[in-house]
Amino acid sequence: MGVGKSTVGQLLAERLGVGYRDTDDDIVAAQGRAIAEIFVDAGESAFRAIEKQAVRVALAEHDGVLALGGGAILDAATRASLAGLRVVYLSMDVEEAVKRTGLNAARPLLAVNPRKQWRDLMEARRHLYEEVATAVVATDGRTPEEVTQAALDALELTAIPGGQPPDPRPEDAMASQVTRIQVGGTAGSEPYEVLVGRQLLGELGGLIGDKAKRVAVIHPEALAETGDALRADLVGQGYEAVAIQVPNAEEAKTAEVAAYCWKALGQSGFTRTDVVVGVGGGATTDLAGFVAATWLRGVRWIAVPTTVLAMVDAAVGGKTGINTAEGKNLVGSFHPPTGVLCDLAALDSLPVNDYVSGLAEIIKAGFIADPVILELIESDPEAARTPAGPHTAELIERSIRVKAEVVSSDLKESGLREILNYGHTLGHAIEKNERYKWRHGAAVSVGMHFAAELGRLAGRLDDATADRHRTILESVGLPLHYRYDQWPKLVESMKVDKKSRGDMLRFIVLDGLAKPTVLEGPDPALLLAAYGEVGQ
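Rules of the game
Residues numbered from 1 in each chain as written. Predicted model: local features only at pLDDT ≥ 70, side-chain atom pairs only at ≥ 80, totals over all residues. Heavy atoms only, no water. Helix = DSSP H or I, 4+ residues; strand = E, 2+ residues; numbered from the N terminus. Buried < 20%, exposed > 50% of the residue type's maximum accessible area, 1.4 Å probe, protein only. Contact = heavy atoms within 4.5 Å. Areas by Shrake-Rupley, 256 points an atom, 1.4 Å probe, with all protein chains shown as cover. pLDDT = per-residue confidence, 0-100. Axes fitted to C-alpha atoms, helices over the stretch in contact; angles between N-to-C directions. Parallel < 35°, antiparallel > 145°, perpendicular 65-115°, else oblique. Left-handed = near helix turned anticlockwise from the far one by under 90°. Pairing = 2+ DSSP bridges. Expected span 1.5 Å × (residues − 1). Arc of directions from axis to C-beta. Phe/Tyr/Trp six-rings, centres within 6.5 Å; stacked < 30°, edge-to-face > 60°.

1. Examining the overall build of the protein chain
Argument step 1. Each helix and strand in the protein chain was counted, giving 23 helices and 15 strands.
Argument step 2. Looking at the protein chain as a whole, 51% of its 536 residues qualify as buried.
Argument step 3. For the protein chain, restricting intrachain contacts to residue pairs at least 6 apart in sequence, the fraction spanning at least 24 positions comes to 72%.
Argument step 4. By element, 51% of the accessible surface of the protein chain is carried by carbon and sulfur atoms, the whole surface being about 23,000 Å².

2. Observations regarding the confidence of the model for the protein chain
Argument step 1. Of all residues in the protein chain, 88% have pLDDT values of 70 or greater, and the mean over the chain is 86.
Argument step 2. Across residues 98-114, confidence stays below pLDDT 50; counting only partners more than four residues off in sequence or on other chains, it has 35 contacts.
Argument step 3. With pLDDT under 50 throughout, residues 163-176 is counted as low confidence; its partners more than four residues away or in other chains account for 23 contacts.

3. Side note on the packing of helix α12 (residues 255-268) against helix α13 (residues 282-294)
Argument step 1. Two elements in contact, α12 and α13, have axes whose closest approach is 10 Å; the angle formed by their N-to-C orientations is 55 degrees. Classified by the angle their axes make, α12 and α13 are oblique. As for how α12 packs across α13, the hand of that crossing is right-handed. Counting all contacts with α12, which are made through Val257, Ala258, Cys261, Trp262 and Leu265, the residues of α13 involved are Leu287, Phe290, Val291 and Thr294.

4. Thoughts on unusual backbone geometry
Argument step 1. Not every positive phi belongs to a glycine, and leucine 296 is a case in point at roughly 55 degrees.
Argument step 2. Residue arginine 297 is not a glycine yet carries a positive backbone phi of 60 degrees.

5. Some details on the sheet that holds strand β9 (residues 275-280)
Argument step 1. Strand order in this open sheet of 7 strands is β5-β6-β13-β10-β9-β7-β8, and the pairing throughout is mixed. Lying at the two open borders of the sheet, with one neighbouring strand each, are β5 (179-183) and β8 (240-246). Across this sheet, the average inter-strand angle for adjacent strands is 15 degrees, counted without regard to direction.
Argument step 2. The sheet contacts of helix α11 (residues 224-236) involve β7 (214-220), β8 and β9, and relative to β7 the element is tilted by about 170 degrees.
Argument step 3. Across the sheet, α13 touches β7, β8, β9 and β10 (300-305), and the angle it forms with β9 is around 170 degrees.

6. Examining α11
Argument step 1. In a regular helix each residue adds 1.5 Å, so 13 residues correspond to 18 Å; α11 covers 18 Å between its end C-alpha atoms and thus fits that length.
Argument step 2. What α11 keeps buried is the set Gly227, Ala229, Leu230 and Leu234. One face of α11 carries all of its buried residues, which in axial projection span an arc of 160 degrees.
Argument step 3. Here the buried face of α11 lies against α5 (76-82), α10 (204-208), β7, β8 and β9.
Argument step 4. Positioned one or two residues after α11, glycine 238 has a phi angle of 100 degrees, which is positive.

7. Looking at the packing of aromatic side chains
Argument step 1. Throughout the structure, instances matching the rule amount to 8 aromatic pairs.
Argument step 2. Arranged with centres 5.0 Å apart and planes meeting at 35 degrees, the rings of tyrosine 89 and tyrosine 129 form a pair that is tilted. Pair noted here: tyrosine 89 is in strand β3 (residues 88-91) and tyrosine 129 is in helix α7 (residues 114-132), with a separation of 40 residues, a long-range link.
Argument step 3. Judged by relative accessible area, tyrosine 129 falls into the buried class, the value being 13%.
Argument step 4. An aromatic cluster is built from Phe450, Tyr484, Trp487, Phe507 and Tyr531, whose rings are joined through pairwise contacts.

Written out as C-alpha cells, the structure reads:
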C-alpha cells in the first residue's frame, strides 16, 4: 500500500507499449463504491472474496501490465494463479511507507497506528510477496521513473520506442503452447496423456472428473504452500480435498510414510472413485503413486511433477515404489497415472543443483534413443543448465517421448523397458551406499560413465561414443567419479538390483549410439577394470 504500484504500472505499460489495468479500479467500477466503503459496510472477508474474483477475471482477460491490491496474494488460489507469470514486488521501508500513507482514510487497514499496522501487515505478507515474485524492486529514495527502469532491468525487458509491444519472450510463447504426449495403455491399463507447458493447473479438475468426491494432495514439506494452494483451489471446485505433507526427497519413500498416508486416506473416507494427486519431485510422485496403487487395491492418481527428474522420468510410466534398507525401489507396483501435468513454470525456482541433476535422465534418453537431445545440449551446455535456456521445453518433451514410447510397449519391464535403466545399476548402488543423500541424477551420471566404459571394454561401444559420455556429462556439471575403495560394497548392492537374475549381474550397455542392449554376467575382472576408469 502506498508503494506507487499504480504510477509505476502505468509508466511500465507505456514503456512496453502494452495496456495497463488495476484490479482495485475494477472493483470500484463493479461495486460502485470506494474500497474503504466496502471494508466498512461488508468487512474484510467480503472484500477479499470480491478481490479474488476480480484478480481471476483480470488474469484471464488482460495481457499487459496488471497491478494487484496489496492483500490479493493472501489468497492461496491467487498465488497459484500467479505461478509462471512475471511478478514484481515493489518493496518499501516502513518509515517511507508511513510518510507516504499517513492516516489515510482510504487505507482501511492503516487507519490506526499506521507504523505498527504496517509492520504487522508486512510480517504477515512479506514471505508471500517474495514467494510469488519473479523480481523484487526497492522503491525507497527512487522516483517512479527510476523504479520503472529498475523493474525493466530486473525482468530483462527492453522498452520499445514508439510504444510498440515487445517481441514475445520464449517463456511467453511456451505459456500459450501445451504439448500432449500420449502414453499407450498396456496390460489392461488405460492410456493417458502427459501435458507439457505452462499454467497447466487448470487442467487438473478435468483429469479428476466429476465421479470423484475426495482428493488427497500429497506434497513434500518444501512445497507446503503449493500443496495448500492446490487443496484450496480444489475445495473451491467443490471437492473434499485434504493436503498430506510428507518429508522431502528420498526420506518420503519409506513404509512408515506410506502408512501415514494410508491412515490419512482412511480418516478422510477415501473410496475407489476418489483421486490422489502427487505434487513434487520424483520421490514424492513415486510415493503418491505407490499409495494410490495400494489403497483399496488401486485408486486413480495424477502426477504434478515439479522437478526435471520427475517430469522426464519418475512421473511417466507408472512405476511406483518405496525404498528399504536393502535397496532402492525394491517394494513397489506398476500403477500408471490418470494423467501427468508438467508445468514448466515449476522449474523456474528450482535450485541449480537439482535442475542439473535432472539433466542426467535427459542425457540418458539421448544416448539410448534420441541423439538430437545430445546435440541440443552440446550446442550450448551452459544454457542447458538453466530453465531459461532456449531448448528447455524441447529437451523435456523429447525425453518424455522416449520414455512414453518404451513404456507403451512394455509396462512391466519384461523386456524393452529395461533400457531405461541405463546407468542406473551402479547409480542405485551409489545412492544406497550414500544412504540416499546423493541426488539421483548425480549417481546416474556416474553410472552412465561406468556403463560407457563397460561397453567399451566389452568390445560393444566405439571409443568416440564412450568418450562423448564424459564430455557431455562434465560440460553440464554432472559428476563422473566415485570412491574407488567402495567397489566391494557396490557389487553387493548391485546383486539385489531389479535387473539381476539369480546371482547373475545384468547391465544395460550400448552397441552404439541409440543402440542399447543387455550385457549378462560380465567377468568380474571386466567390471573392476571398468570401475577403474570411474573410481577415485
